[in-house]
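Listed here are the chains, written in short residue letters.
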Number of protein chains: 4
Amino acid sequence: MCRLLAYKGPSLPVDDLLYKPEYSLINQSYQAREMAEPLNGDGFGLGWYAPEVDPEPAVFTSVSPAWNNRNLRYMAPKLASPCICAHVRAASEGDVAENNCHPFHYKNLLMMHNGGVHAFGRIKRALVDTLSDEHYLWIRGQTDSEHLFALFLDHYTRAARTGVEAMVDALQATFRDLQALKASYGLPHGSALNMVVTDGEAMVGSRYIDEPDATPYSLHHTEGSRYVCDDSGCGMRKAPTHEQAVLIASEPLTREAEHWKSVPPNHFVLVDRVNRIAFRPVETGRAA
Amino acid sequence: MCRLLAYKGPSLPVDDLLYKPEYSLINQSYQAREMAEPLNGDGFGLGWYAPEVDPEPAVFTSVSPAWNNRNLRYMAPKLASPCICAHVRAASEGDVAENNCHPFHYKNLLMMHNGGVHAFGRIKRALVDTLSDEHYLWIRGQTDSEHLFALFLDHYTRAARTGVEAMVDALQATFRDLQALKASYGLPHGSALNMVVTDGEAMVGSRYIDEPDATPYSLHHTEGSRYVCDDSGCGMRKAPTHEQAVLIASEPLTREAEHWKSVPPNHFVLVDRVNRIAFRPVETGRAA
Amino acid sequence: MCRLLAYKGPSLPVDDLLYKPEYSLINQSYQAREMAEPLNGDGFGLGWYAPEVDPEPAVFTSVSPAWNNRNLRYMAPKLASPCICAHVRAASEGDVAENNCHPFHYKNLLMMHNGGVHAFGRIKRALVDTLSDEHYLWIRGQTDSEHLFALFLDHYTRAARTGVEAMVDALQATFRDLQALKASYGLPHGSALNMVVTDGEAMVGSRYIDEPDATPYSLHHTEGSRYVCDDSGCGMRKAPTHEQAVLIASEPLTREAEHWKSVPPNHFVLVDRVNRIAFRPVETGRAA
Amino acid sequence: MCRLLAYKGPSLPVDDLLYKPEYSLINQSYQAREMAEPLNGDGFGLGWYAPEVDPEPAVFTSVSPAWNNRNLRYMAPKLASPCICAHVRAASEGDVAENNCHPFHYKNLLMMHNGGVHAFGRIKRALVDTLSDEHYLWIRGQTDSEHLFALFLDHYTRAARTGVEAMVDALQATFRDLQALKASYGLPHGSALNMVVTDGEAMVGSRYIDEPDATPYSLHHTEGSRYVCDDSGCGMRKAPTHEQAVLIASEPLTREAEHWKSVPPNHFVLVDRVNRIAFRPVETGRAA
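In this report, we go over the structure that sits alongside the text. Since we're looking at a predicted model, the values are computed, not measured.

Quick look at the side chain of Arg70(B) now. Within the secondary structure, Arg70(B) is located in helix α3 (residues 70-75). A distance of 3.4 Å separates a polar atom in the side chain of Arg70(B) from a polar atom in the side chain of Thr61(C).

Following this line, the structure appears as structure tokens:
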């Protein structure tokens, strides 16, 4: 069912997130702890921003398992970035193919998803029919995730705003559309929608399941002035500084359990340009 | 722009088509002779039937170039089959991804394409809208080829017949639909539509370009009682026997130029269950 | 630590061993039951003989996990063979690279290994020094397994005999050499040497650890007149026929536990041309 | 026979070398101009230094052709580095495997090779016998190139010096050893030895063939204050600055032919820490 992480803060070697922590994402690729099935070996992806050279991110994906990818192992310590997304996949909807690996990329945006829309095939066509040509043609693979991102792109682009508020509104609209589609086609099952979207400057995550009384998949966050890996291990450090760092992850990466908190169920988590964190409930439209 | 071959006849090791001939398909993957650009290094695919164990074909594809694929080299001499399709790709529409490699497979059918629909994106959505849910959801990749195959499948399935006539009718209907779509959307350019479809028992090919006065891409055929590779080289042998073998290929595989003939421009080539060959003009609808 | 299987008997689709059984090798690639670590996701290999077309086997290997390889899934039901070897790897010595995947192949021989020589690097050079030029130059990868196979090839070739006795003698000689090398260089640890060698006609396996009082890794066998997968599941069937089939595997593939027996610890298992099974103790040289 | 490039100078996006120039290395992967065979499609490699985070380089290699690698295309504009090595391979000695891709890496060193030792197998074992255990065990693949690098590492490490002089001396010693080995074993053919070694701070190249009267493979260089890609194209710019940049390549990357000079035949090219260039003849030992 996949594991993901997203970091924003002072520039950091990718290694410090992917390999060094005790429960690193690489570790989660073969022994995730908060899933029934511990294996996420159906490919992986890494996206990162190098704002000094390009506003668009780089993406490195592979269908090989993250734990034995030599290129990833080589590059991780040399790639330093202030905004990093990474994802290990357990394939559900869609083949094990590079085009189905997260993060998905569109212009300056990256998107990752942990979860799934059960019986997605039944609404896929109707969803596609609502898409603009541009975002329809942009789709390369088969996943529900990529299609939801295309729907997000429609909302985000139409709004003609950028920034964290624009992103969260577009994600909210995406969820609303999905719910409407599911209702029209009588899809009863809950869809697990833990997502992260970023433009490299701001970031929005969601911990959401569109089924009353169900618990969404896990999503954790930790903040501090700086995330560091040193002799005492990896983790957030707090210091009297204006620096701020945020790390969001399906599972805590580090032993310091007290540093990690759960994103509240059915909430968005917002990270602004200066890495301040905030939450907003997902509007389910059910109360209405 | 890809090179393809299709064989039907007495069971043959794949090796005899892919590696042994002087101008084998492997050779064509890096030095095709009847194309401006000799390189077809963006993946390949092999499909073959083992009718004694399964009516559905096996497919082996890879994004690596055919010329250096160790698995293909290993397997080619051990895979013997009475119906073999192979394709080397020069990517145009669609990423270099396994899901975009030919032959495409649906149940007991295989399909390959050499050519392309220029500006396919402009009609992709309209084409998709005409598809049945089943064949829409079956699509895994991005190519014009796979989408045309889905359209073929709609026609072929609706006809509720099988055999060479049913296949050629469905291919004809596919071309007609494509032309109508292109007309609606004002796509002026000729589409090169050299295709092969087979169900393992019969086979249909096309050498077609939907532009008056243009010459379709090359497509050749050779027939005999048996195709053999021996000390004198590879080629069709004629013998007083009831056996019959047919080989269709973008380029002649063997030196024996006199054994190869061009498929007439804008014609279908039909191969029936007992490997007799026939031709039928493609109806362009232009005269009407 | 890898899982392997080897079959000899009436021709069988590879599918019946790799996918259909309840505890198939594919299943063992992510949830092996007789290992502390259930994951064997560092590539795989399949070798099979098609004696009607070629005395040398085909080999198909990949560094991708067996459980998500589309080519393997496609080919398994169409490849029927009377002699099949398959291996899923958990990398220890040697990178995750195609050249380190089992089965290793030399002319008409295949070899697979489950186990390892701890601290192999300390004797690698001395082992290599003993090799003939031919088998030294034949080595392509880094594994202890491939180097031991090269040593086997030296013994087997020098003996200038073929057949099951020649193979078991060469394997015995290989183990003896390894023990001598380990003694010279003071390697104390037990080496786990569960191996299978076949020339497509006869087959030899070993269940061996060169440490007194230690238990070798698991290796099981089952025999019958025919191995079949039908509505009641997969398994060996006994019938009054001259046919004979043997299956050797790190772990039982099927539920029918009573059909499987352990290869006695520190024994070779021999399968002759007509698929009769026999055992011979590994001579450890320790009693001498 | 491979194409290579090596850059040292002000930090530069890899894109400016690999994709942007008219005759970029990607272009050379399918249409090299200074080789009989224009195709270098058997994998590629990129090595680069990020001295601000790590003295050891990152390496990204793949057996896929450089021209269609999505990860490379994605990463090239975001990876900026003051020391970049890249190589596209046409396989001769050694399989098409990641372990046979250049650049080879050892600690803070990278090495690439264009050329080959004809009949390398005849001296491989003798060469290996001279190696220290450490560098023998470091070898992962099969190429003559990697073995020569291991020999280089022995000389370089023994010298216990670093810097450009130490590197050129070690490369000279490597060539001398190779010549002696070839003489002992009666290998008559010329070995083409265009190589580049760097520690990220200094760099040594060679343009050499160990056969009297033969012309070594092409190797070009260009220097300036800064290499830039702008609207007028890519190339070295000269400006009154202390900055200095050097680019070495099998073939000129840019149209500005007058900016490129050949490395003199049978010479080393030396690039020191401040990117000053110098030449030194290869001592052939033949005059002695």
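Structure shown, so let's carry the discussion forward.
The next thing to look at is unusual backbone geometry. Residue and element names in this part refer to chain A. Geometrically, the link from His-102 to Pro-103 is a cis peptide bond, its omega value of -5 degrees lying close to zero. Tracing the backbone shows Pro-103 in the loop between β4 (80-88) and β5 (104-106). With phi around 75 degrees, Asp-213 is a residue other than glycine that occupies positive phi space. Take Asp-213: it is sitting in the loop between β8 (203-207) and β9 (220-224).

One pass over the structure, following the stated rule, counts 34 aromatic pairs over all chains. Centre to centre, the rings of Phe175(C) and Tyr208(C) are 5.1 Å apart; their planes meet at 25 degrees, and the pair counts as stacked. You can see Phe175(C) sitting in helix α7 (residues 164-184) and its partner Tyr208(C) sitting in the loop between β8 (203-207) and β9 (220-224), a full 33 residues away along the chain. Look at Phe175(C) and you get buried, because its relative accessible area is 2%. Overall, the relative accessible area of 0% leaves Tyr208(C) in the buried class. Taken together, Tyr106(A), Trp138(A), Phe149(A), Phe152(A) and Tyr156(A) form an aromatic cluster joined through their ring pairs. The ring of Tyr19(A) has Arg73(A) sitting right over it, with the charged end atom 3.7 Å from the ring centre. Seen from the ring of Tyr136(C), Arg125(D) lies directly overhead, with NZ or CZ sitting 4.7 Å from the centre.

Residues and elements named next belong to chain A. Along the polypeptide, Thr-157 turns up in helix α6 (residues 144-159). For Thr-157, a relative accessible area of 44% puts it in the partly exposed group. Each C-alpha atom, one on Thr-157 and one on Lys-78, is 34 Å from the other, the two residues being 79 residues apart in sequence. In terms of polar contacts, Thr-157 uses its side chain to reach the backbone carbonyl oxygen of Leu-153, at 2.6 Å.

Another point: the pairing of strand β11 (residues 233-237) of chain D. Bridge analysis of strand β10 (residues 226-230) of chain D against β11(D) gives five bridges, and the strand direction is antiparallel. Across the sheet, the residue bridging to Arg226(D) is Arg237(D), located in β11(D).

With an RMSD of 0.0 Å, chain A superimposes on chain B once it is rotated by 180 degrees and translated 0.0 Å along the axis. Taken together, these values place the two copies in the relation of a two-fold axis. Scanning chain A for the C-alpha nearest the rotation axis identifies Gly141(A), at a separation of 3.1 Å. Comparing contact sets, 100% of the residues at the interface of chain A also lie at the interface in chain B, consistent with an isologous, same-surface contact.

So, on to the pattern of salt bridges. Counted according to the given criterion, the structure contains 72 salt bridges over all chains. Salt-bridge contacts for Arg226(C) lead to Glu243(C); the nearest nitrogen and oxygen are separated by 2.9 Å. Taken together, the residues span a long stretch of sequence, with Arg226(C) in strand β10 (residues 226-230) and Glu243(C) in the loop between β11 (233-237) and β12 (245-249) at a distance of 17 residues. Owing to a relative accessible area of 34%, Arg226(C) belongs among the partly exposed residues under this scheme. According to the relative accessible area criterion, Glu243(C) is partly exposed, its value standing at 24%. As a salt-bridge pair, Asp272(D) and Arg276(D) come within 2.7 Å of each other at their nearest N and O atoms. Given the relative accessible area of 53%, Arg276(D) is considered exposed.

What counts and what doesn't
Per chain, residue numbering runs from 1 following the sequence as it is written. Here the convention is simple: chains get letters from A, ligands get numbers from 1, in the order in which they are written. In keeping with the model being predicted, local features are shown solely for residues with a pLDDT of at least 70 and side-chain atom pairs are shown and tallied solely at 80 or more, while totals for entire chains, interfaces and linings include all residues. Excluded from the side-chain calculation are hydrogens and water; included are all heavy atoms of the structure. Strands are runs of DSSP state E lasting at least 2 residues, helices are runs of H or I lasting at least 4, and numbering of each runs from the N terminus. As used in this structure description, the phrase polar contact means that two N or O atoms lie within 3.5 Å; if the pair is within protein, one of them must be able to donate a hydrogen and the other to accept it, and residues adjacent in sequence are counted only when both atoms belong to side chains. To pair, rings of Phe, Tyr and Trp, with the six-membered ring standing in for Trp, must have centres within 6.5 Å; the planes then decide the type, stacked if under 30 degrees apart, edge-to-face if over 60, and tilted in the middle. Relative accessibility under 20% of the residue-type maximum defines a buried residue, over 50% an exposed one, and the middle range a partly exposed one, all with a 1.4 Å probe and only protein chains included. As a reminder, the over-ring test applies to NZ of lysine and CZ of arginine, requiring each to be within 6 Å of the ring centre and within 35 degrees of the ring normal. Two strands make a pair as long as DSSP finds a minimum of two bridges between them. The superposition of copies rests on a least-squares fit of C-alpha positions from residues with pLDDT of 70 or more in both. Contacts are assigned to residue pairs that have any heavy atoms within 4.5 Å of one another. Here a salt bridge means any side-chain nitrogen of Lys or Arg lying within 4 Å of a carboxyl oxygen belonging to Asp or Glu.

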